[in-house]
Amino acid sequence: MTTIHDPLTLGSMQLKNRIIMAPLTRGRAGSSGVPGELMANYYAQRASAGLIIAEATAVSADGRGWLNSPGLFNDEQQAGWATVAKAVHDAGGRLFVQLWHMGATVHPDFLDGGQPVSASAIRVRGRRTTPLGQDRELVTSRPLSAEGIVEQRQNFVNSARRAIDAGLDGVEIHAANGFLIDQFIRDSSNQRHDEYGGTINKRLRFLREVVAAVCDEIGADKVGVRISPTNASWGISDSQYLETFTQATRQLNRFGLAYLHVLEHRTGTAQAMESMDYTTPLLRHNFDGPLLVNGGYCKESAQQALDSGLADAVTFGMPFIANPDLVARFATGSPLAEPRSRFFYTAGPEGYTDYEPRPLQ
């Protein structure tokens, strides 16, 4: 029987276990988006994970709309990520970085008053904390032109190249949670009538092109993709989500990705959406490569996911915040520490790097 502690091959990597650290935005990169020693220490503390997927990281200045989040679009940011990669590798870990563009969820305060870009002219739900204050209302985006789409695709390629040049093991393309690529995928946010909108196949075109270009640049064995079929972040949804994400999964097969990462809260958990079908088994059936699942898993439910064949590995978010030694705790049955939520997005080490491993019971 395969257990969560058994090794796994993802792309060109041999992982020491199937306990993966999920990407978690923590806001410790400062106004410049440059990772420093604090971030390097944070990730190195968690290097016992089979793979760390580092937090969502902007591929361009106009895609960065989360206060103090990291970027990977200039030399200084690349040098910062090189420091993180070295720290993780020195601790025996593996490291991918998640690449994102926030699209319509970027507030104008991050753009010197400019308008955010998206698939269409949409106004998503929600309010943001920005450099100019809290609870700032989002605005209507402008549709990307054909030239703008090419530019944004190249931004993902450039950041992927920077990640590899910085010494990271690979990248995860963020096509989930209502951000730019997801805004193209879903029919509530994509109202285009050109080759990037209308049918499911056309709405998936931007995803396909980004993935193809990144794989061509750094190799498919260093590329993962994250999707969230039933996530309604920012009020974005899809009236054909079963068909849309089945097609997406089948189309991704052509690339030979390192993995597909599905964020979907399990049926019966607190954040599961009652009105939507649980899609992960369907996607598992249609995807040819390794599948990672995320959505409120614990040690027991993670093992069940492996036992049932639902997944090849499980990603954990919240448990890794307060338990840098999560792998050891799972192995020994030691109780887990609880994270202090008031420090999730603060600037310093408190609630970030000050969780000490407890004596294992």
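Located above this text is the structure these notes cover.
Figured I'd write up the structure that's included with this text. (Residues numbered from 1 in each chain as written. Predicted model: local features only at pLDDT ≥ 70, side-chain atom pairs only at ≥ 80, totals over all residues. Heavy atoms only, no water.)

In this section: the nonpolar core. Ranked by size, the top nonpolar core spans 83 residues in total, and within it Leu207, Val214 and Val225 carry the most contacts. The element contributing the most residues to this core is helix α6 (residues 205-218), with eight residues. In this structure, Leu207 is in contact with Ala175, Ile181, Ile185, Val225, Ala248 and Leu252, ignoring residues within four places of it in sequence. Formed by 15 residues, the second largest nonpolar core is a distinct cluster that contains Trp100, Val106, Ile122 and Val124. (Core = buried A, V, L, I, M, F, W, Y, C linked by side-chain atoms within 4.5 Å. Buried < 20%, exposed > 50% of the residue type's maximum accessible area, 1.4 Å probe, protein only. Helix = DSSP H or I, 4+ residues; strand = E, 2+ residues; numbered from the N terminus. Contact = heavy atoms within 4.5 Å.)

Right, let's get into the packing of aromatic side chains. The final tally for this structure, using the stated rule, is ten aromatic pairs. Taken together, a centroid distance of 4.5 Å and an interplanar angle of 40 degrees make the contact between Phe184 and Phe206 tilted. Placement of Phe184 in helix α4 (residues 180-185) and of Phe206 in helix α6 is noted, with a sequence separation of 22 residues between them. With respect to class, Phe184 is no different from Phe206; both count as buried. (Phe/Tyr/Trp six-rings, centres within 6.5 Å; stacked < 30°, edge-to-face > 60°.)

To continue, consider helix α9 (residues 299-307). Turning to α9, its buried residues number three or more, namely Ser301, Ala302, Gln303, Ala305 and Leu306. Buried-residue contacts for α9 involve β14 (313-316). Count one or two residues on from α9 and you reach Gly309, which has phi positive near 85 degrees.

Attention now goes to the sheet that holds strand β5 (residues 95-100). Sheets are built from strands paired through backbone hydrogen bonds, the pairs being either parallel or antiparallel. What the eight strands build is a closed barrel, ordered β3-β4-β5-β10-β11-β12-β13-β14; its pairing is parallel. Taking the axes of each pair of neighbouring strands and ignoring which way they run, one obtains an average angle of 25 degrees across the sheet. Bridging between strand β4 (residues 51-58) and β5 involves six bridges; their strand directions are parallel. For Ala58, the partnering residue across the bridge sits in β5 and is Trp100. (Pairing = 2+ DSSP bridges. Axes fitted to C-alpha atoms, helices over the stretch in contact; angles between N-to-C directions.)

Another aspect to go through is the pattern of salt bridges. According to the stated counting rule, one finds 18 salt bridges in the structure shown. A salt bridge links Lys86 to Asp90; its shortest N-O distance comes to 2.6 Å. Highlighted residues: Lys86 and Asp90, both in helix α2 (residues 75-90), separated by four residues, approximately one helical turn. Taken as a pair, Lys86 and Asp90 share a single burial class, namely exposed. Notably, a salt bridge pairs Asp182 with Arg186, separated by 2.9 Å at the nearest N-O pair. Taken together, the shared-partner salt bridges in this structure form one network comprising Arg123, Arg127, Asp135 and Glu137. (Salt bridge = Lys/Arg side-chain N within 4 Å of Asp/Glu carboxyl O.)

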